[in-house]
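Here is how the chains run, residue by residue.
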Amino acid sequence: MKVGGELFDRTRRALRAHAVAEEMNFYRPLMGHEMTVEKSRHSVSEHKEIDDLIEQLEATDPSSSGWLATAQKLQHLVTHHLDEEEHEVFQVAGKALSDNDKHQLATSYRQEMERQLDAMA
Ligand SMILES: [Fe+2]
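The structure presented is a predicted model; accordingly, all values stated were derived computationally and were not measured.

Caption draft 1: Spotlight on the packing of helix α2 (residues 37-58) against helix α3 (residues 65-96). Relative to each other, α2 and α3 sit at 160 degrees, their axes nearing to 10 Å. With respect to their mutual orientation, α2 and α3 come out roughly antiparallel. Both α2 and α3 take part in a crossing whose hand is left-handed. The residue makeup of the contact of α2 with α3, split by class, is 11 nonpolar, 7 polar and 7 charged.

Caption draft 2: Up close: the environment of S98. The residue S98 is located in the loop between α3 and α4 (99-120) in this model. Of the residues examined, S98 reaches a relative accessible area of 35% and is grouped as partly exposed. Only 3.0 Å separates the side chain of S98 from the backbone nitrogen of D101, close enough to count as a polar contact.

Caption draft 3: Here's a closer look at the packing of aromatic side chains. Scanning the model with the defined rule gives 3 aromatic pairs in all. Measuring from ring centre to ring centre gives 5.5 Å for F8 and W67, while their planes differ by 80 degrees; the resulting arrangement is edge-to-face. With F8 in helix α1 (residues 5-31) and W67 in helix α3, this residue pair connects regions lying 59 residues apart in the sequence. Comparing F8 with W67 shows no difference in burial state: the two are buried. Among the aromatic residues, those joined into a ring-pair cluster are F26, Y27 and F90.

Caption draft 4: Geometry of the coordination of the iron ion. Bound to the iron ion are the protein donor atoms H18 (NE2), E22 (OE), H47 (NE2), H81 (NE2) and E85 (OE), situated 2.0 to 2.2 Å from the metal. Each donor residue of the iron ion belongs to the same chain, and together they define the spacing H-x3-E-x24-H-x33-H-x3-E. Taken as a pair, E22 in helix α1 and E85 in helix α3 lie far apart in primary sequence, 63 residues in all. Grouping residues by exposure puts E22 and E85 together as buried.

Caption draft 5: Region of the structure containing the side chain of E46. Residue position: E46 is located in helix α2. Here E46 occupies a buried position and makes no salt bridge, while the nearest side chain of opposite charge, K39, is found at 10 Å. At 2.7 Å, the side chain of E46 and the side chain of H80 are in polar contact. Setting aside anything within four residues of it in sequence, one finds E46 in contact with L77, H80, H81 and E84.

Caption draft 6: Seen up close, the packing of α1 against α2. Contact geometry for α1 and α2: axes closest at 10 Å, N-to-C directions at 160 degrees. Regarding the angle of α1 to α2, the classification is roughly antiparallel. Considering how the two elements wind past one another, α1 and α2 form a crossing that is left-handed. Contacts between α1 and α2 involve F8, R12, L15, R16, H18, A19, E22, E23, Y27, L30 and M31 from the first element and V37, S40, R41, S43, V44, H47, I50, D51, I54, E55, L57 and E58 from the second. Residue classes in the contact of α1 with α2 are distributed as 11 nonpolar, 4 polar and 8 charged.

Conventions and cut-offs
- Residues numbered from 1 in each chain as written.
- Predicted model: local features only at pLDDT ≥ 70, side-chain atom pairs only at ≥ 80, totals over all residues.
- Heavy atoms only, no water.
- Axes fitted to C-alpha atoms, helices over the stretch in contact; angles between N-to-C directions.
- Helix = DSSP H or I, 4+ residues; strand = E, 2+ residues; numbered from the N terminus.
- Parallel < 35°, antiparallel > 145°, perpendicular 65-115°, else oblique.
- Left-handed = near helix turned anticlockwise from the far one by under 90°.
- Nonpolar A, V, L, I, M, F, W, Y, C, P; charged D, E, K, R; others polar.
- Buried < 20%, exposed > 50% of the residue type's maximum accessible area, 1.4 Å probe, protein only.
- Polar contact = N/O pair within 3.5 Å; in protein donor to acceptor, adjacent residues only side chain to side chain.
- Phe/Tyr/Trp six-rings, centres within 6.5 Å; stacked < 30°, edge-to-face > 60°.
- Donors = N, O, S within 2.8 Å, 3.2 Å for Na, K, Ca; no water.
- Lys, Arg positive; Asp, Glu negative; His and termini not counted.
- Salt bridge = Lys/Arg side-chain N within 4 Å of Asp/Glu carboxyl O.
- Contact = heavy atoms within 4.5 Å.

Any functional reading would require information that these geometric values do not contain.
Printed below as a string of structure tokens:
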């Protein structure tokens, strides 16, 4: 039986694909701008925290109370992370990146996300 079932399986794949695609096609270029370097480092460290919680869930019996407590921690962290990206990071990134950069990065982000999801299927 898969750890945590189908929903957990889909969620962890999406979160891992998100982290890789975004670090390559969003945070890496943003690291090169003074106005976005700190927020980029913060977001990348949250990706690591998210991945650590996923690993913790994978190593825990899904029927235990500990699994649910860790899953709730993951839910809170992911909600916080996406909220911060949408309300803080994207705004300042919009000033750091040119329109051409944004267009190219959005395309390469989507391609990498698909590639990652295919590789994990
Ligand atoms: Fe992210």
